Amino acid sequence: MTVVTSPGKLILCGEHAVVYDRPAIALPLTQICAQVHVVDSPYGSGIMFDAPNLQRHWTLAEEPEDPASALVVHLLEHVGIARNGKTPDLHITITSDIPVAGGLGSGAAVATALLRAISTHLDCTLSREDVSKLVYESERHFHGTPSGIDNTVIAYEQPIWFCRSSAYSPWRTIPTQSMSASAEPHIQPIVIAGPLTLLIGDTGIRSETRLPVDAVRQRRERQILHYEALFDAIGAVVTRIRAALAEGNLAALGLLLNNNHLLLQQMGVSSTELDQLVDAARESGALGAKLSGGGWGGVMLALVELPQVKQVSKALLAAGAVQVYQTQIAPTTKS
Ligand code: MEV
């Protein structure tokens, strides 16, 4: 039996603008995970899936269009196993405690765990770059134009600076036509000087990321200069957040997170419920708070100092959060 676990993800800053070649920072969330078990099944039975959380059972032969089935076919082609005409006989069980469509990378985490578990079980080597690329291709197929940040942070399992354009500079305006779909993204580990405590408040409202991403694309087409200016402003905030993390300046970090939320509100991707949680966190003592991920539902995050954790959690629950997760980000040293 092979068992593989992949973490969820949290976008600290830069969501949406990252689709348009500005940088973003993302963190792995090891408290909530997707897990895949693979065992050999009887000869000739093909590939069977179980997803007990979703009360689903299916086979690859019956449901080849299912995202998990399609990903497995893609993997087998990639490693050259399906080409000999005989797919392996496997029983795959997928479980996850990451809320679906909640902004915490549920789809990318399941896909990553699936690829890693099957490749390990079949003794095929997949680098984390391979895993990240295969997950990205599957997300593109099902979700349109993802930036690639979710699959990258989950495959790398460390805090990252991510930018689709390696030419990004906060002091140089990006040409409005540049959408580097084919370019290699610029990925770097980031320096975090001291531990960070984040609370994640879940609105309980499920929102598929592609919906606000599509809305931003349409609005940008109508008001290109306005949206490009918002993306530039977010890029500058993300650059300053990176510096605040490296200096361990929590007060500055909190203000910059607030600033990022304001820019996301102006982009039209927040919601009444997200704003309520963000306000409640700030009023109860958080150093800063913002929505995280696609918006219109899903989750927000609040930067808190340890003595404030209880009161901010309580305030988030009182303001409508259906769940509050606490995560501690450990300091890192290498850049
Ligand atoms: C989703 O986690 C983050 C977005 O920026 C979309 C993307 O980057 O693909 C909203």
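Per the stated rule, a full pass over the model turns up twelve salt bridges. With its nearest N and O atoms 3.0 Å apart, the salt bridge here joins Asp66 to Arg56. With Asp66 in the loop between strand S4 (56–59) and helix H1 (67–78) and Arg56 in strand S4, this residue pair connects regions lying ten residues apart in the sequence. The partner of Arg206 in a salt bridge is Asp202, with the nearest N and O atoms 2.9 Å apart. A relative accessible area of 40% places Arg206 in the partly exposed class. Residue classification places Asp202 among the buried positions, given a relative accessible area of 2%. Where salt bridges share partners, they join Arg22, Arg220, Glu228 and Asp232 into one cluster.

The domain boundaries assigned to the protein delineate domain 1 (2–161) and domain 2 (192–329). Taking only C-alpha atoms into account, the centre of domain 1 sits 26 Å from that of domain 2. Across the contact, 28 residues belong to domain 1 and 42 residues belong to domain 2. Both faces combined, the contact of domain 1 with domain 2 buries some 2800 Å², and carbon together with sulfur accounts for 67% of it. At the surface where domain 1 touches domain 2, the tally comes to three salt bridges. Between Asp232 and Arg22 there is a salt bridge whose closest N-O contact spans 2.9 Å. Counting only elements with at least two residues in the side of domain 1 that touches domain 2, the list comes to strand S1 (2–13), strand S2 (24–40) and helix H3 (128–143). A per-element tally of the side of domain 1 that touches domain 2 places S2 first, with six residues. The residue inventory of the side of domain 1 that touches domain 2, partitioned by class, reads 19 nonpolar, seven polar and two charged.

Rules behind the numbers
- Residues numbered from 1 in each chain as written.
- Predicted model: local features only at pLDDT ≥ 70, side-chain atom pairs only at ≥ 80, totals over all residues.
- Heavy atoms only, no water.
- Salt bridge = Lys/Arg side-chain N within 4 Å of Asp/Glu carboxyl O.
- Helix = DSSP H or I, 4+ residues; strand = E, 2+ residues; numbered from the N terminus.
- Buried < 20%, exposed > 50% of the residue type's maximum accessible area, 1.4 Å probe, protein only.
- Domains from an automatic or database assignment.
- Contact = heavy atoms within 4.5 Å.
- Buried area = accessible area lost by both parts, 1.4 Å probe.
- Nonpolar A, V, L, I, M, F, W, Y, C, P; charged D, E, K, R; others polar.

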